[in-house]
Amino acid sequence: MENKNPISPHIQVYEWHISSLVSISHRITGVINILFITLICFWVGSLFFGETVYELVQKILLSSFGKFLIISIIWSFSFQILSEIRHLFWDMGYGFDLKVSKITGLIVILGSFLITILVYLLGKHII
Amino acid sequence: MINVTKKWLFLKISSVILIPLMLWFIINLVSIYDKNYLEVVLFFTTQPSKFLFSFLVIFAFFYSALNISEIFEDYLHNEKIKNVANKILFLSAIVIPILTIIMLLFLKV
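We now turn to the structure provided with this report. All values derive from a computational prediction rather than experimental measurement. (Residues numbered from 1 in each chain as written. Chains lettered and ligands numbered in written order. Predicted model: local features only at pLDDT ≥ 70, side-chain atom pairs only at ≥ 80, totals over all residues.)

Some details on the packing of helix α1 (residues 18-48) of chain A against helix α3 (residues 49-75) of chain B
Spelled out, the test is: Each axis is a line fitted through C-alpha atoms, and for a helix only the stretch in contact is used; angles between axes span 0 to 180 degrees, taken between their N-to-C directions. Secondary structure elements follow DSSP: runs of H or I of four or more residues count as helices, runs of E of two or more count as strands, with numbering from the N terminus. Left-handed describes a crossing in which the near helix is turned anticlockwise from the far one by less than a right angle; the clockwise case is right-handed. It is the C-beta atoms, placed from the backbone, that decide contacts: two residues are in contact if theirs lie within 7 Å. Residue classes follow a fixed rule: Ala, Val, Leu, Ile, Met, Phe, Trp, Tyr, Cys and Pro count as nonpolar, while Asp, Glu, Lys and Arg count as charged, and any other residue, Gly among them, counts as polar.
The N-to-C vectors of α1 of chain A and α3 of chain B enclose an angle of 145°; their axes lie 10 Å apart at closest approach. Read as a crossing pair, α1 of chain A and α3 of chain B show a hand that is left-handed. Each of Arg27, Gly30, Val31, Asn33, Ile34, Ile37 and Cys41 of chain A in α1 of chain A lies in contact with α3 of chain B, whose residues at this interface are Val57, Ala60, Phe61, Ser64, Asn67, Ile68 and Ile71 of chain B. Class assignment for the residues of the contact of α1 of chain A with α3 of chain B results in 9 nonpolar, 4 polar and 1 charged.

Some details on the interface of chain A and chain B
Taken together, the contact pairs 30 residues of chain A with 29 residues of chain B. Every element with two or more residues in the side of chain A that touches chain B is listed here: α1, α2 (51-62), α3 (64-91) and α4 (98-123) of chain A. Tallying contributions element by element places α1 of chain A first for the side of chain A that touches chain B, with 12 residues.

Examining unusual backbone geometry
With an omega of 5°, the peptide bond between glutamine 47 of chain B and proline 48 of chain B qualifies as cis. Its place among the elements puts proline 48 of chain B in the loop between α2 (37-45) and α3.

Next up, the structure:
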C-alpha cells in the first residue's frame, strides 16, 4: 500500500505565521546577501580594471534593472539587520512570548521597508 | 568549548560587527552607485571607507559561510555532496574577500 503521509519537514503542510515567514525570509536573504556582496566585489573589481570596464558595469547600474538591484540590496540588507537584532534579543533571553514574537516579526517585515525608504532618501540627501 | 558552540559564538560576534557595517554601506551605496569613475574610486581609496569596506567584505563572507553551512547541514543529506559544497563555500569565502582587498589596495585615483 502506498504511503501518502507527507515527508517531514515539508514547508507546504504548515500554516503560515509571521514567525515562520520571517524565519524562512531570514535564511533566504542570508543567501541572497552573499550573492549581492559578491556582485559588489565585482563592481569594486571593475574599478581596478579601469574606466572602460567600470562604465560597462555602470550602464547596467543606471538601467531600470540596476535601480531595482540597488533597492533590492538595500531591502535585503535592512531585513537581515532587523532580523539579526531580533535573533540577538532571543539569544539574550528576551522576546520569546508568542505575542511579543508576532510583534517583533511584524516590526522586522514593516521596518525593513521603512529602512529601505529612509536609507534611499538619506543616501540621495533628500532628508 | 565544543565546535558547535564556537561556531554559534563566531556567528553572533560577526553579526554584531556586521549590523553597523551593513547600515553604513547601504547609505553610501545609494549616494555613490550612479557617480562617475573618479568619484567612486575616491570613495573606495580614502579612509574610513577603505577600512570599513574591507571589514564589511571579510565579515560578510565569514558570517555567510557559517550561515550557509548551517543550511547545508539541514538540507543536504548526502555526506559527499555536503563536504564538496562546504569546501566550495569556504574557498569562495576566503578567495573573494582577499582578491577584492588586494584590488582595493592597488586602486589609485
